[in-house]
Amino acid sequence: MKKVSQLSITKIFLTIIILSITFYGCNNPKEEEEEEKSEISGKLIIFHAGSLAVPFKLIKEEFEKEYPDVDVLLEAAGSVTCARKITDLKRDCDIMASADYAVIDKFLIPDYSSWNIKFASNEMCIAFTNKSTFADSINGNNCFDVLLKDDVIYGRSDPNSDPCGYRSLLTIKLAEKFYNKKMLANFLAKDNNFIRPKETDLISLLETNNIDYIFIYRSVAKQHSLNFITLPDSINLKSSELAKYYSTVDVEIVGKKPGEKIKMQGKPMVYGLTILENAPNKVTANAFLDFLLSKEKGMKIMEEMGQPSVVPATTNTYQNVPKEFKKYVKE
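Residues numbered from 1 in each chain as written. Predicted model: local features only at pLDDT ≥ 70, side-chain atom pairs only at ≥ 80, totals over all residues. Heavy atoms only, no water.

Asker: Could you clarify how one ought to interpret the side chain of S98 in this entry?
Answerer: Topologically, S98 is positioned in strand 3 (residues 95–98). From its side chain, S98 meets the backbone oxygen of D100 in a polar contact 2.6 Å long. Ignoring any residue separated from it by four or fewer positions in sequence, one finds S98 in contact with A49, S79, V103, I104, Y271 and G272. (Helix = DSSP H or I, 4+ residues; strand = E, 2+ residues; numbered from the N terminus. Polar contact = N/O pair within 3.5 Å; in protein donor to acceptor, adjacent residues only side chain to side chain. Contact = heavy atoms within 4.5 Å.)

As structure tokens, then:
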């Protein structure tokens, strides 16, 4: 009896040990989640268009609440300038977000990235303040004439640095067709002292009454509580249905190499982003991109800031988009 009893006790003891090993060896969802979050840490470097400054600051704050071990470093500039920081200056960068997805296609693919996801839209407008000359009489019908008056100063961003700069010129070219009058040469000859590297650099000049009007994105005008004139869809680069019509105009900007020119064709305004091939913190970059593109997280903030989502959108790099992001794109 004593031997049987000892044998039973031994079996029970071994069973407890096995069960304990099995229980603690199984994946505990909470522990797994904490382990995953611990990998999402460190500095995350994001180069982004100036027009993304306000929504990205809010998205950064929400992301860092969810992942407190992450320090998101946002660096705003004209999208072309952002690309050249990577290609020419060889700056470390995890994510590049451009106001024009074509900048990523033309400057970063295939040498620095292999895919591009379109995520938001916008439109061109003309912003002003109550102190702007002719503020009481300017409207959608006379705005281009007003901007060309001698006693009016207008500002635009540099086409070689910023998509808003070449989109301003595309907008003027479309206005020439729409109103059947030549204007571009006069605009190019006027107020060149007020060209800035990116469109958001113009806001302080406008608010201090140093200039009267600026070409800018509608979302930025709304975010900064500026007055703005809504332009017809045939001019504002907003409508996907007018893509073919927009493509009838183009402008040239400085290319990748000295003396090289790149043609930027008129098309509906769509933002794009990518993770760089040599991203220093790819794990965290993946987490941020997933957060940003989520309808209930990042894209909700984008929508609230006046930049409508286009997710999921088609991409000519579909085959190269990582499988975890395939849900955000279409072939």
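Asker: When you look at the pairing of strand 10 (residues 250–254) in this model, what are you seeing that I'm missing?
Answerer: Looking down a regular strand, the side chains alternate between one sheet face and the other. Bridging between strand 10 and strand 11 (residues 261–265) involves 5 bridges; their strand directions are antiparallel. Its bridge partner lying in strand 11, D250 is registered against Q265. (Pairing = 2+ DSSP bridges.)

Asker: What exactly am I supposed to notice about the environment of T274 here?
Answerer: Within the secondary structure, T274 is located in strand 12 (residues 270–275). Assessed through its relative accessible area of 0%, T274 is described here as buried. Sequence separation of T274 and Y112 is 162 residues, and the distance between their C-alpha atoms is 9.8 Å. Setting aside chain neighbours within four positions, we find T274 in contact with D94, I95, M96, I104, L108, S113 and W115. Separated by 2.6 Å, the side chain of T274 and the backbone oxygen of W115 make a polar contact. (Buried < 20%, exposed > 50% of the residue type's maximum accessible area, 1.4 Å probe, protein only.)

Asker: In this structure, what is going on with the pattern of salt bridges? I would like to understand it.
Answerer: Summed over the entire model, instances satisfying the criterion amount to 14 salt bridges. Residues E66 and K297 are paired through a salt bridge, measuring 3.5 Å at the closest nitrogen-oxygen approach. Of this pair, E66 sits in helix 3 (residues 53–66) while K297 sits in the loop between helix 13 (282–293) and helix 14 (298–304), and the two are 231 residues apart along the sequence. Among the residues examined, E66 registers a relative accessible area of 25% and is labelled partly exposed. K297 sits in the partly exposed class, given a relative accessible area of 34%. Among the charged side chains, a salt-bridge network with shared partners connects E75, K85 and R91. (Salt bridge = Lys/Arg side-chain N within 4 Å of Asp/Glu carboxyl O.)

Asker: What is the right way to look at the pairing of strand 3 in this model?
Answerer: Of the two faces of strand 3, the one carrying I95 and A97 and the one carrying M96 and S98 are both buried. Here strand 1 (residues 42–49) runs beside strand 3; their pairing, made up of 3 bridges, is parallel. Bridged to I46 within strand 3 is I95. The pairing of strand 3 with strand 12 spans 4 bridges and is classified as antiparallel. Following the sheet pairing, A97 is matched in strand 12 by L273.

Asker: Can you walk me through helix 7 (residues 163–179) in this structure?
Answerer: The α-helix winds at 3.6 residues per turn, so residues separated by three or four positions along the chain end up facing the same way. Helix length check: helix 7, at 17 residues, gives a terminal C-alpha distance of 24 Å against a target of 24 Å (1.5 Å per residue), a fit within 8%. For helix 7, a buried count of 13 out of 17 residues is recorded, marking the element as mostly surrounded by other parts of the structure. Phi turns positive one or two residues past the end of helix 7, at N180, with a value near 55°. (Expected span 1.5 Å × (residues − 1).)

Asker: How should I be thinking about the sheet that holds strand 7 (residues 195–196) in this particular structure?
Answerer: Adjacent strands of a sheet form backbone hydrogen bonds with each other and so pair up, either parallel or antiparallel. Strand order across the open sheet formed by 5 strands is 7-6-8-5-9, with mixed pairing between neighbours. One side of each edge strand has no neighbouring strand; the edge strands of this open sheet are strand 7 and strand 9 (227–230). Across 2 bridges, the pairing between strand 6 (residues 154–157) and strand 7 is parallel. When the bridges of strand 7 are listed, S157 appears paired with R196. Lying on the sheet, helix 7 is in contact with strand 5 (124–128), strand 6 and strand 8 (213–217); it crosses strand 8 at an angle near 110°. (Axes fitted to C-alpha atoms, helices over the stretch in contact; angles between N-to-C directions.)

Asker: I'm lost on the side chain of S132 in this one. Help?
Answerer: Topologically, S132 is positioned in the loop between strand 5 and helix 6 (143–147). Exposure remark for S132: the relative accessible area of 5% places this residue in the buried category. Those residues in contact with S132 that lie beyond four places of it in its chain are L206, N209, D212 and Y213.

Asker: Honestly, the nonpolar core in this entry has me stumped. Any pointers?
Answerer: Nonpolar side chains in soluble globular proteins tend to end up buried together. Residues M96, F119 and F144 are the most contacted members of the largest nonpolar core, which totals 102 residues. For M96, the residues in contact, after removing those within four places along its chain, are F47, S79, C82, A83, I86, V103, I104, L108, G272, L273, T274 and L276. (Core = buried A, V, L, I, M, F, W, Y, C linked by side-chain atoms within 4.5 Å.)

Asker: Looking at this structure, how should I read the packing of aromatic side chains?
Answerer: The description of an aromatic ring pair uses the distance of the two centres, along with the angle that the planes make with each other. Evaluated as defined, the whole model comprises 15 aromatic pairs. Pairing F56 with F288 gives two aromatic rings, centres 6.5 Å apart and planes at 70°, and the pair type is edge-to-face. Here F56 is found in helix 3, whereas its partner F288 is found in helix 13, with 232 residues between them in sequence. Judged by its relative accessible area of 1%, F56 is buried. Aromatic pair F119 and Y271: ring centres 6.1 Å apart, planes at 75°, arrangement edge-to-face. On the criterion of sequence distance, the pair formed by F119 in strand 4 (residues 117–121) and Y271 in strand 12 is long-range, its members being 152 residues apart. With respect to burial, F119 and Y271 carry one shared label: buried. Across the ring face of Y318, the terminal group of K326 is positioned such that the distance to the ring centre comes to 4.9 Å. (Phe/Tyr/Trp six-rings, centres within 6.5 Å; stacked < 30°, edge-to-face > 60°. Lys NZ or Arg CZ within 6 Å of the ring centre and 35° of its normal.)

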